[in-house]
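Chain residues, written in single-letter form:
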Amino acid sequence: MAAPEIDALTQALARLPGLGPRSARRAVLHLLKRRETALVPLIAALTTVEARLATCSNCGNVDTRDPCAVCTDPRRDQTSLCVVEEVADLWALDRARLFPGRYHVLGGRLSALDGVRPEDLSIDALVGRVAGGGIDEVVLAMNVTLEGQTTMHFIADRLSSLPVRVTQLAHGMPVGGELDYLDEGTLAQALRARRPVQ
Ligand code: ZN
């Protein structure tokens, strides 16, 4: 039987995505056994991130500064913008260094079922960014789910009056596929073969 403090740690870890009670117990045992090499550095990393956590007011990325490292990177193509549902999607695309431009994170997808309306997402901010000029292409990289595609068409419609090329990912993407779970090859193919939104 573990002490209540240790139990509380296990329960906190077990609530994380990808970890169940069993993995959480193993992680806690590991941390307790390796206090100096695992527990102390973990606490330091968590404390630092918590203190500096910021959401980019430009693109919605999560970083330790605002505007974020992606938005302020001068090597990036300023004329193309990739629109994604979640920060995880931005990270998936950027991890593989697939997209040379900058991003816009919507913060979700339209969903009648979950009551997510256009004003709940950063769609107005996106239209504002594009209307501000300097952007030639907007890549709509939504998930290939019913809600993702509904969101994509809604945004394509909102952008249709602006002088910008609007493209979508090719369907190398599996139906039901979420960007964050795709391997880099599939993701690269989908981005390379992007096409105008119909
Ligand atoms: Zn940013």
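Trainee: So what exactly am I meant to see when it comes to the overall build of the protein here?
Mentor: What the protein contains, in helices and strands, is eight helices and seven strands. For the protein, the C-alpha atoms occupy an extent of roughly 65 × 35 × 35 Å along the three principal directions. Within the span of the protein, comprising 198 residues, buried residues form 38% of the whole. Put simply, 57% of the contacts in the protein that link residues at least 6 apart link residues at least 24 apart. Within the structure as shown, the protein displays about 11500 Å² of accessible surface, and the carbon and sulfur contribution to it stands at 56%. Here the protein contributes 22 positively and 24 negatively charged side chains, and the mean placements of these two sets differ by 7 Å.

Trainee: How should I be thinking about a nonpolar patch on the surface in this particular structure?
Mentor: Residues Val49, Leu53, Val62 and Trp91 make up a contiguous nonpolar surface patch of roughly 370 Å² in combined accessible area. When you line up the elements, Leu53 lands in the loop between α3 (35-52) and β1 (54-55). For Leu53, a relative accessible area of 54% gives the class exposed.

Trainee: Explain the coordination of the zinc ion here, please?
Mentor: Note on metal sites: the ideal angle is 109.5 degrees for four tetrahedral donors, and 90 or 180 degrees for six octahedral donors. The protein atoms that coordinate the zinc ion are Cys56 (SG), Cys59 (SG), Cys68 (SG) and Cys71 (SG), at distances spanning 2.3 Å. Of note is the zinc ion, whose four donor atoms meet at the metal with angles of 104 to 114° in an arrangement that counts as tetrahedral. Of note, the zinc ion draws all its donor residues from one chain, in the sequence arrangement C-x2-C-x8-C-x2-C. With Cys56 in the loop between β1 and β2 (62-63) and Cys71 in helix α4 (residues 69-72), the pair connects residues that are 15 residues apart, well separated along the chain. Among the residues examined, Cys56 registers a relative accessible area of 3% and is labelled buried. Since its relative accessible area comes to 10%, Cys71 is described here as buried.

Trainee: I keep staring at helix α6 (residues 123-131) and nothing clicks. Help me out?
Mentor: Because each turn of an α-helix spans 3.6 residues, side chains separated by three or four positions in sequence point in the same direction. Within α6 the residues assigned to the buried category are Ile123, Leu126, Val127, Arg129 and Val130. Around the axis of α6, the buried residues are gathered within 160° of arc, so they sit on the same side. Directly after α6, the chain includes Gly133, whose backbone phi takes a positive value near 95°.

Trainee: What should I look at first to understand helix α2 (residues 21-33) in this one?
Mentor: Look at α2: 18 Å from first C-alpha to last across 13 residues, which is about the 18 Å you get at 1.5 Å a residue. For α2, the complete set of buried residues consists of Ala24, Val28 and Leu31. Buried positions in α2, seen along its axis, are confined to an arc of 60° and lie on one side of it. Exposed side chains of α2 directed beyond 90 degrees from the buried face belong to Arg22, Arg26, Leu29 and Lys33. Packing partners of the buried residues in α2 comprise α1 (4-14) and α3.

Trainee: For this particular structure, what's the right way to read the side chain of Thr151?
Mentor: One can find Thr151 in helix α7 (residues 146-159). Look at Thr151 and you get buried, because its relative accessible area is 0%. Look past the residues within four positions of Thr151 in its chain and what remains in contact with it is Leu106, Arg109, Leu110, Leu121 and Met142.

Trainee: Help me understand the domain arrangement of the protein, please; the structure alone is not making it clear to me.
Mentor: Think of interface size as the accessible area that goes away when the parts come together; that is how it is often given. When the domains of the protein are assigned, the result is domain 1 (4-52) and domain 2 (62-196). Between the C-alpha centres of domain 1 and domain 2 there is a distance of 33 Å.

Trainee: Sorry if this is basic, but what is going on with unusual backbone geometry here?
Mentor: Excluding glycine, most residues fall at negative phi; most peptide bonds, likewise, are trans. Of note, the bond from Asp66 into Pro67 is cis; its omega dihedral lies within 30 degrees of zero at 0°. The residue Pro67 is located in the loop between β2 and α4 in this model.

Cut-offs and rules
Residues numbered from 1 in each chain as written. Predicted model: local features only at pLDDT ≥ 70, side-chain atom pairs only at ≥ 80, totals over all residues. Heavy atoms only, no water. Helix = DSSP H or I, 4+ residues; strand = E, 2+ residues; numbered from the N terminus. Buried < 20%, exposed > 50% of the residue type's maximum accessible area, 1.4 Å probe, protein only. Contact = heavy atoms within 4.5 Å. Areas by Shrake-Rupley, 256 points an atom, 1.4 Å probe, with all protein chains shown as cover. Lys, Arg positive; Asp, Glu negative; His and termini not counted. Charge placed at Lys NZ, Arg CZ, Asp CG, Glu CD. Patch = residues over 30% accessible without salt bridge, like charges linked within 9 Å, V, L, I, M, F, W, Y side chains within 5 Å. Salt bridge = Lys/Arg side-chain N within 4 Å of Asp/Glu carboxyl O. Donors = N, O, S within 2.8 Å, 3.2 Å for Na, K, Ca; no water. Tetrahedral: all angles 85-135°; square planar, octahedral: opposite > 155°, others 65-115°. Arc of directions from axis to C-beta. Expected span 1.5 Å × (residues − 1). Domains from an automatic or database assignment.

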